[in-house]
Amino acid sequence: DWNMPDYIAEAVARIREQVGDEEVILGLSGGVDSSVAAALLHRAIGEQLTCVFVDNGLLRLNEAEQVMETFGRSLGVRVVHVDATEQFMGHLKGVSDPEQKRKIIGREFVEVFQAEAQKLPKAKWLAQGTIYPDVIESAGAKTGKAHAIKSHHNVGGLPETLNLKLLEPLRELFKDEVRELGVALGLPHDMVYRHPFPGPGLGVRILGEVKKEFADLLRRADAIFIDELRAADWYDKTSQAFAVFLPVKSVGVMGDGRTYEYVVALRAVQTQDFMTAHWAELPHSLLGKVSNRIINEVRGINRVVYDISGKPPATIEWE
Ligand code: XMP
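Bear in mind the structure is a predicted one, so any value in this text is a computation, not a measurement.

Moving on to the UniProt feature "binding site: ATP" (unreviewed entry) in the chain. Feature annotation in UniProt places "binding site: ATP" (unreviewed entry) on Ser29, Gly30, Gly31, Val32, Asp33, Ser34 and Ser35, given in this structure's numbering. Inspection of the secondary structure puts Asp33 in helix α2 (residues 32-45). Using a count of 21 C-beta atoms within 10 Å as the deciding quantity, one classes Asp33 as buried. Those residues in contact with Asp33 that lie beyond four places of it in its chain are Gly129, Ile131, Leu170 and Val178. Note that Ser35 resides in helix α2. Classification of Ser35 as buried rests on a count of 27 C-beta atoms within 10 Å.

So this is what it looks like as structure tokens:
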């Protein structure tokens with residue numbers, strides 16, 4: 001059991017002592033961990049912190065605006081917003097293998113981040129939102145205990161060539177503690193309790209080759225699904241929910257005409273540890289509403305299906 005105000009005071013003191021008057025940079029992804037790390041560091045060292053937010057073109061609808069709004073405008077954190085959509089899309093062109101896509105997205109992130117870091121020569125520290133389970137997991141990976149079926153890029157992605165000292169203020173915390181801390185630091189509840197989102201983002205939710213046009217369709221379909229889940233009070237009853245873009249065209253009918261458009265699959269799962277998962281038994285009325293809205297509002301999609309596969313044997317993501 002811990003006392004939040006005391007914890008924050010101690011953490012702030014520790015960070016100030018560690019950092020002194022030096023500058024810190026942090027890659028802000030919009031996810032819970034980097035967001036809470038940013039809020040805590042901002043509380044401790046204010047203007048000595050610069051966050052770099054890289055838009056890879058594979059984020060959810062309005063995500064970049066929300067991050068800039070929350071951190072830049074509400075909290076007054078210094079955030080450099082880099083729109084690298086074209087760079088990522090360019091390197092992903094013609095690539096359809098999932099692991100290859102992950103590698104490219106991870107590599108380009110490092111590229112972009114490094115270029116930004118070089119513009120901040122006064123920075124001596126690289127802050128990361130590593131939490132306790134990440135520490136355990138990467139220790140396990142070193143001893144060969146972890147079974148990584150998919151390569152994940154959250155931990156240890158940034159190279160030592162940056163020549164920065166590592167600052168990991170959340171290293172001792174579990175996820176629920178990180179969330180509590182985030183709320184106490186003034187982050188919006190919805191941001192802190194958001195479902196996990198993979199590092200490669202929509203890059204692994206667009207099957208096969210990633211195209212900006214597909215990402216734009218998927219973002220809108222996904223946002224409708226999430227809006228309706230929230231409205232029906234199902235968001236917090238699922239562990240992860242999202243739409244997947246299938247680059248397959250099927251025939252439909254609209255008014256007097258035939259359509260020949262893409263398919264979106266909806267995925268919603270319930271899980272404790274993300275190692276195994278059940279598909280969520282969403283009410284049919286909710287699924288029907290989501291399907292109608294997507295088909296009516298997102299031109300280019302004329303069919304919606306619901307994924308009823310458990311993990312195992314399916315994975316949560318489709319790639
Ligand atoms: P799977 O699809 O393996 O996913 O059942 C388990 C959890 O991991 C997330 N995931 C990723 N997270 N980079 C990430 O940061 C990745 O490449 C990646 N692949 C899967 C997935 O969203 C789920 O929460």
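Tracing the chain through its elements places Pro283 in the loop between β8 (278-279) and α10 (284-297). Judged by the 10 C-beta atoms lying within 10 Å of it, Pro283 falls in the exposed class. Along the chain, Pro283 and His195 lie 88 residues apart, while their C-alpha atoms are 20 Å from each other.

Further remarks concern the pairing of strand β7 (residues 257-270). In the sheet, strand β6 (residues 240-254) pairs with β7 via 13 bridges, with the strands oriented antiparallel. Note that in β7 the partner of Val253 across the bridge is Arg258. Counted along the chain from β6 to the antiparallel partner β7, the turn is two residues long, and its residue Gly255 has a positive phi close to 60°. Examined bridge by bridge, β7 and strand β9 (residues 301-306) share five bridges and lie parallel to one another. Considered in β9, the bridge of Val263 is made with Arg303. Bridge count between β7 and β8: two bridges; the pairing is antiparallel. In the strand pairing of β8, Gln270 is matched with His278.

Let's shift gears to the domain arrangement of the chain. Split by domain assignment, the chain resolves into domain 1 (4-192) and domain 2 (205-306). Between domain 1 and domain 2, the C-alpha centre-to-centre distance is 28 Å. Across the contact, ten residues belong to domain 1 and nine residues belong to domain 2.

Looking at chain direction, strand β2 (residues 49-55) and strand β3 (residues 78-83) are connected through six bridges and run parallel. If you follow Val52 over to β3, its bridge partner there is Val80. Assessed by its sense of winding, the connection that carries the chain from β2 through helix α3 (residues 63-75) to β3 is right-handed.

An order of β3-β2-β1-β4-β5 is seen for the five strands of this open sheet, with the pairing classed as parallel. Of all the strands in the sheet, the pair left with one neighbour each is β3 and β5 (165-167). Averaged over all pairs of adjacent strands, the angle between their axes in this sheet comes to 30°, without regard to strand direction. Looking at chain direction, strand β1 (residues 23-27) and strand β4 (residues 123-127) are connected through four bridges and run parallel. Paired with Ile25 across the bridge in β4 is Leu126. Against the sheet, α2 touches β1, β2 and β4, its axis set at about 165° to β1.

On to the confidence of the model for the chain, then. Residue-level pLDDT values for the chain average 93, and 93% of them are 70 or greater. Note that residues 143-148 has pLDDT below 50 and, in this model, five contacts with residues that lie over four places away or in other chains. Scored by ipTM, the complex comes to 0.99, with pTM at 0.93.

Quick notes on the rules
- Residues numbered from 1 in each chain as written.
- Predicted model: local features only at pLDDT ≥ 70, side-chain atom pairs only at ≥ 80, totals over all residues.
- UniProt positions renumbered as here; feature names shortened; annotations may be inferred.
- Helix = DSSP H or I, 4+ residues; strand = E, 2+ residues; numbered from the N terminus.
- Buried ≥ 20, exposed ≤ 12 C-beta atoms within 10 Å, placed from the backbone.
- Contact = placed C-beta atoms within 7 Å.
- Pairing = 2+ DSSP bridges.
- Domains from an automatic or database assignment.
- Right-handed = clockwise from strand over helix to strand, strands pointing away.
- Axes fitted to C-alpha atoms, helices over the stretch in contact; angles between N-to-C directions.
- pLDDT = per-residue confidence, 0-100.

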